Amino acid sequence: MTTNPTVAIVGAGAVGLTVAHDLARKDIDVTVYERGQVAAGSSGRAAGVCYDAFASRPDADLGREALERFREFARDGAPFTSCPYVWLVQQGDEQRERRVREGIERMCELGVDAVELDACDLAERFPPVRSDDIAVAGVTTGAGYTDPGEYTAWLASKARGVGATIETEIPVEIGIDPPRVMPEADSRLSREIEVDALVVAAGAHSKQLLADANVPIAMKPYRVQALVGTVSLAETGERWGPMVYDASANCYARPHPEGLLAGNGTEEVEADPDEYERRADEGFAGDLASRITHRLPGCALDVQRAWAGLCTATPDRNPLVGEIRENVYVATGFQGQGFMRSPAIGRRLADEILDGETLDGESSDRNGIDAFDPTRFDGDETFDVREGMAIE
Ligand SMILES: Cc1cc2nc3c(=O)[nH]c(=O)nc-3n(C[C@H](O)[C@H](O)[C@H](O)COP(=O)(O)OP(=O)(O)OC[C@H]3O[C@@H](n4cnc5c(N)ncnc54)[C@H](O)[C@@H]3O)c2cc1C
């Protein structure tokens with residue numbers, strides 16, 4: 001290892017901060033540059049649904065690793081609540097029904113603790129969830145949720161505690177050869193800083209940031225929406241849980257301290273991360289509330305607030321995570337599932353950086369995630385945005 005290797009990370013979201021934490025605890029000199037405050041991007045606007053219901057590799061492994069780590073962090077003070085995750089398909093939605101059944105079989109083969117439920121099983125196990133119109137459902141009990149803003153703030157303080165520097169309100173540009181961060185106009189950063197390794201974890205801005213350094217990536221930001229409402233429970237006043245994703249109605253909900261958090265409202269077109277509409281669309285809240293109360297008929301939902309944020313899409317719906325140019329790494333394209341996988345993906349990326357040539361002085365096998373290798377695309381691919389949760 002060279003003396004005092006330095007790593008710069010652009011972006012203080014859940015992903016960048018996990019990488020920062022995991023590098024700093026190995027005594028790497030890490031600085032995170034964040035244009036706003038911690039969790040200013042998607043990590044502060046996410047729903048915080050965290051599940052392991054993935055039917056392929058490496059996602060099933062990453063989901064399991066991530067949930068184990070959320071629980072480990074929770075023992076250390078991070079906010080995280082265990083809660084079963086139910087996904088379901090309505091009668092008549094035959095293609096999705098088949099995919100859910102096949103998916104659950106594959107999950108079981110991959111070691112995910114997933115169980116198929118019919119309408120009777122669902123009614124018995126989760127009475128608040130309407131079951132009379134469903135064809136099939138699945139459940140995993142290892143899932144949970146958190147407040148993503150609070151979790152990310154906790155992670156920032158944990159990363160600082162192991163030695164990472166987190167510079168907020170410093171927007172940067174990047175250079176590739178050599179890896180470096182450079183002050184944006186009006187930035188408090190006074191000079192260019194060369195580093196041994198650079199990580200672009202700038203969420204929806206990653207594409208533009210890299211394009212300005214002549215590194216095109218195959219990623220498109222797209223807009224999604226969510227809401228929080230209070231609920232009056234028609235029956236007992238107990239919490240209504242579990243978390244539910246109705247694939248046919250294209251909506252999800254999870255328990256929230258104020259009642260319920262629900263979402264979707266995905267716009268499958270590329271959005272501009274600087275210009276996109278942060279307010280929810282007119283009609284979004286009412287429309288989503290009626291789909292949610294159909295599924296949770298005992299919950300009378302009173303919407304308190306709704307908002308929009310950005311997710312990031314790739315041509316194959318797998319993220320771009322790993323080395324994209326020598327000692328330059330990227331982590332984006334999470335298809336709406338970046339928060340829930342951040343504890344695992346951040347750790348794998350930190351491992352890959354630690355195994356890289358510059359930091360340990362000699363080359364070794366990559367320790368990253370091959371399926372997410374960002375160099376599998378040239379960056380000029382034409383593709384349609386398809387949302388991440390959809391069962392296709
Ligand atoms: C409404 C909504 C609901 C969602 N729900 C879920 C969910 O339930 N579960 C889940 O797993 N995922 C969910 N997601 C997706 C999730 O939010 C993202 O996948 C995840 O937060 C990505 O984290 P990140 O660290 O990669 O990016 P971000 O959190 O976006 O962090 C990137 C950071 O980079 C900073 N930055 C950008 N450019 C620069 C620059 N030039 N200089 C310095 N800093 C810069 C930004 O300010 C930002 O803070 C949801 C997203 C939305 C919008």
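Residues numbered from 1 in each chain as written. Predicted model: local features only at pLDDT ≥ 70, side-chain atom pairs only at ≥ 80, totals over all residues. Heavy atoms only, no water.

Here we look at the nonpolar core
With 74 residues, the main nonpolar core has Ile9, Leu23, Tyr51, Tyr85, Trp87 and Ile353 as its most contacted residues. Sort the elements by how many residues they give to this core and helix H8 (residues 338-354) lands first, with eight residues. No fewer than three residues from each of domain 1 (6-45 + 148-219 + 315-376) and domain 2 (220-313) sit in this core. Leaving out residues up to four positions away in the same chain, Tyr85 has contacts with Val49, Tyr51, Ala53, Gly138, Val139, Thr140, Ala143, Met243, Tyr245 and Met389. (Core = buried A, V, L, I, M, F, W, Y, C linked by side-chain atoms within 4.5 Å. Buried < 20%, exposed > 50% of the residue type's maximum accessible area, 1.4 Å probe, protein only. Helix = DSSP H or I, 4+ residues; strand = E, 2+ residues; numbered from the N terminus. Domains from an automatic or database assignment. Contact = heavy atoms within 4.5 Å.)

Some remarks on the domain arrangement of the protein chain
By the assigned domains, the protein chain splits into domain 1 (6-45 + 148-219 + 315-376) and domain 2 (220-313). Centre-to-centre separation of domain 1 and domain 2, based on C-alpha positions: 29 Å. The partner domain 2 presents 16 residues to the 15 residues of domain 1 that form the contact. Roughly 1,100 Å² of surface becomes buried between domain 1 and domain 2 when both sides are summed, with 48% attributable to carbon and sulfur atoms. (Buried area = accessible area lost by both parts, 1.4 Å probe.)

Things to note about the sheet that holds strand S10 (residues 172-175)
Across the sheet, which stays open at both edges, the three strands sit in the order S10-S11-S12 with antiparallel pairing between neighbours. Of all strands in the sheet, those bounded by a partner on one side alone are S10 and strand S12 (193-194). (Pairing = 2+ DSSP bridges.)

So, the pattern of salt bridges
Scanning the entire structure with this criterion turns up 22 salt bridges. One salt bridge in this structure joins Glu102 and Arg98, with 3.8 Å as the shortest N-O distance. With Glu102 and Arg98 both in helix H3 (residues 94-109), this residue pair falls four residues apart, about one helical turn. Residue class for Glu102 comes out partly exposed when judged on its relative accessible area of 37%. (Salt bridge = Lys/Arg side-chain N within 4 Å of Asp/Glu carboxyl O.)

Some points on the environment of Asp93
Mapped onto the elements, Asp93 comes out in the loop between strand S5 (85-90) and H3. Separated by 2.8 Å, the side chains of Asp93 and Arg96 make a polar contact. (Polar contact = N/O pair within 3.5 Å; in protein donor to acceptor, adjacent residues only side chain to side chain.)

Observations concerning the site of the ligand
Among the 39 residues in the neighbourhood of the ligand, the closest are listed as Glu34, Ser43, Val49, Val172 and Met340. Contact between the ligand and Arg35: a nitrogen atom at 2.9 Å from a main-chain N or O atom of the residue. Those elements that place two or more of their residues in the shell around the ligand are helix H1 (14-24), strand S14 (220-233), strand S18 (299-313) and H8. A total of four residues in the shell around the ligand trace back to one element, the largest contributor, which is S18. Its residues assigned to classes, the shell around the ligand shows 24 nonpolar, 12 polar and three charged. (Near = heavy atom within 4 Å. Nonpolar A, V, L, I, M, F, W, Y, C, P; charged D, E, K, R; others polar.)

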